[in-house]
Amino acid sequence: MEDKELIEKLSNDESRNFGFNQLVRKYQERIYWHVRKMVIDHEDANDLVQDIFVKVYKNLSKFRQDAQLYTWIYRIATNECLNFLSKKRKRFFLPIGDVEGELNRKLDSSPHIDGEVVQIKLQKALLKLPDKQRLVFNMKYFDDMKYDEISTITDTSVGALKASYHHAVKKIEEYLKDD
Amino acid sequence: MKLEDIKKQNIHKVPDKYFDELPLKIQSKIAEESKPKNWVVTYGLRYALPAVLLIVITVYVIIKPSTTASPEQLLAQVSTEELISYLEASDITTEEIVESLELSAIDFEFYENETELVDELDMSEDELDALINDFETEDIL
């Protein structure tokens, strides 16, 4: 179902639940993987994705119809991810390195991770990046999103995003070279 | 090693049928959160609970001493007549009562201030002597 049709269903009281079900089915995987790459752990990603779609449902009336539906959902998901990681640090008074350590251990021990050594090494290199830079890198590198789209989602200029991505690639390659 | 040398691959996995079941879980969560919340449980208790606990503890502390009366206090509530009737009806001898007494420092203070003890019994000395004589006579008999 096209976004335009989905929005029509969502704006009608009688068809809202059906429309929302279609929306979830359409975007759940993209949102899940977007979240999962940030929080690493499946259980955390599962909780967050559910919260994100509940938030989407509750805020449907605030959605501006001239905006793109998927960038709006991505924006909510992105904010939820960054808030989750930020709260995680505040809750346990953890410095950045400790959260990185926890996510590193999950990469090594989670039953829901299965990759070649070099892939896991790349993920560990990504954990060295600040959250927002990692987010930008994931959207550009893994999701092949355009800078314009990332700019809308993150509310950051295209120039700043290009610079952020360029620096992220350099840091990752340095890590891969050293390790 | 360059980034472009690494094959793009998703190393994360999900449990079987995860995405088949996720929409239902989300719908359930929305239904759960849409239920009207009980104000008493959600807000009332959250804010009132500390105050309620404080009141309960205060009341308990105030009431507790009066509810845990000592044996002496309980015995003081029994009238002299009832005590005499009880002693008359029982098989306890005066010697047995004396033998069972364990005299402590507090008991000695009572002996030193004997007048007060007699006043508390609310009996004249004559009545007391008559009572003692009765018991002694019964014991002899």
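About the cut-offs
Residues numbered from 1 in each chain as written. Chains lettered and ligands numbered in written order. Predicted model: local features only at pLDDT ≥ 70, side-chain atom pairs only at ≥ 80, totals over all residues. Helix = DSSP H or I, 4+ residues; strand = E, 2+ residues; numbered from the N terminus. Buried ≥ 20, exposed ≤ 12 C-beta atoms within 10 Å, placed from the backbone. Contact = placed C-beta atoms within 7 Å. Nonpolar A, V, L, I, M, F, W, Y, C, P; charged D, E, K, R; others polar. pLDDT = per-residue confidence, 0-100.

**A look at the overall build of chain B**
Here comes step 1: Within chain B, the regular secondary structure consists of 8 helices and 0 strands.
Here comes step 2: Its helices and strands taken in sequence order, chain B reads α-α-α-α-α-α-α-α from the N to the C terminus.
Here comes step 3: Sorting the 141 residues of chain B into buried and exposed places 1% on the buried side.

**Regarding the interface of chain A and chain B**
Here comes step 1: In this complex, chain A contributes 27 residues to the contact, which on the side of chain B involves 20 residues.
Here comes step 2: Only α2 (16-39), α3 (42-58), α6 (117-126) and α9 (158-178) of chain A provide two or more residues apiece to the side of chain A that touches chain B.
Here comes step 3: No other element matches the 7 residues that α2 of chain A contributes to the side of chain A that touches chain B.
Here comes step 4: Residues belonging to the side of chain A that touches chain B are distributed by class as follows: 13 nonpolar, 8 polar and 6 charged.

**Brief notes about the environment of W72 of chain A**
Residues and elements named next belong to chain A.
Here comes step 1: One can find W72 in helix α4 (residues 69-91).
Here comes step 2: Judged by the 19 C-beta atoms lying within 10 Å of it, W72 falls in the partly exposed class.
Here comes step 3: Taking the C-alpha atoms as reference, W72 lies 8.8 Å from V56; in sequence the two are 16 residues apart.
Here comes step 4: Ignoring any residue separated from it by four or fewer positions in sequence, one finds W72 in contact with F63 and A67.

**Concerning the confidence of the model for chain B**
Residues shown with low pLDDT carry predicted positions that ought not to be read at fine detail.
Residue and element names in this part refer to chain B.
Here comes step 1: When pLDDT is averaged along chain B, the result is 74, and 68% of the positions lie at 70 or above.
Here comes step 2: Within chain B, helix α6 (residues 105-112) has the poorest average pLDDT of any element, 50, and helix α1 (residues 18-34) the best, 92.
Here comes step 3: Among the scores for the predicted complex, ipTM is 0.82 and pTM is 0.64.

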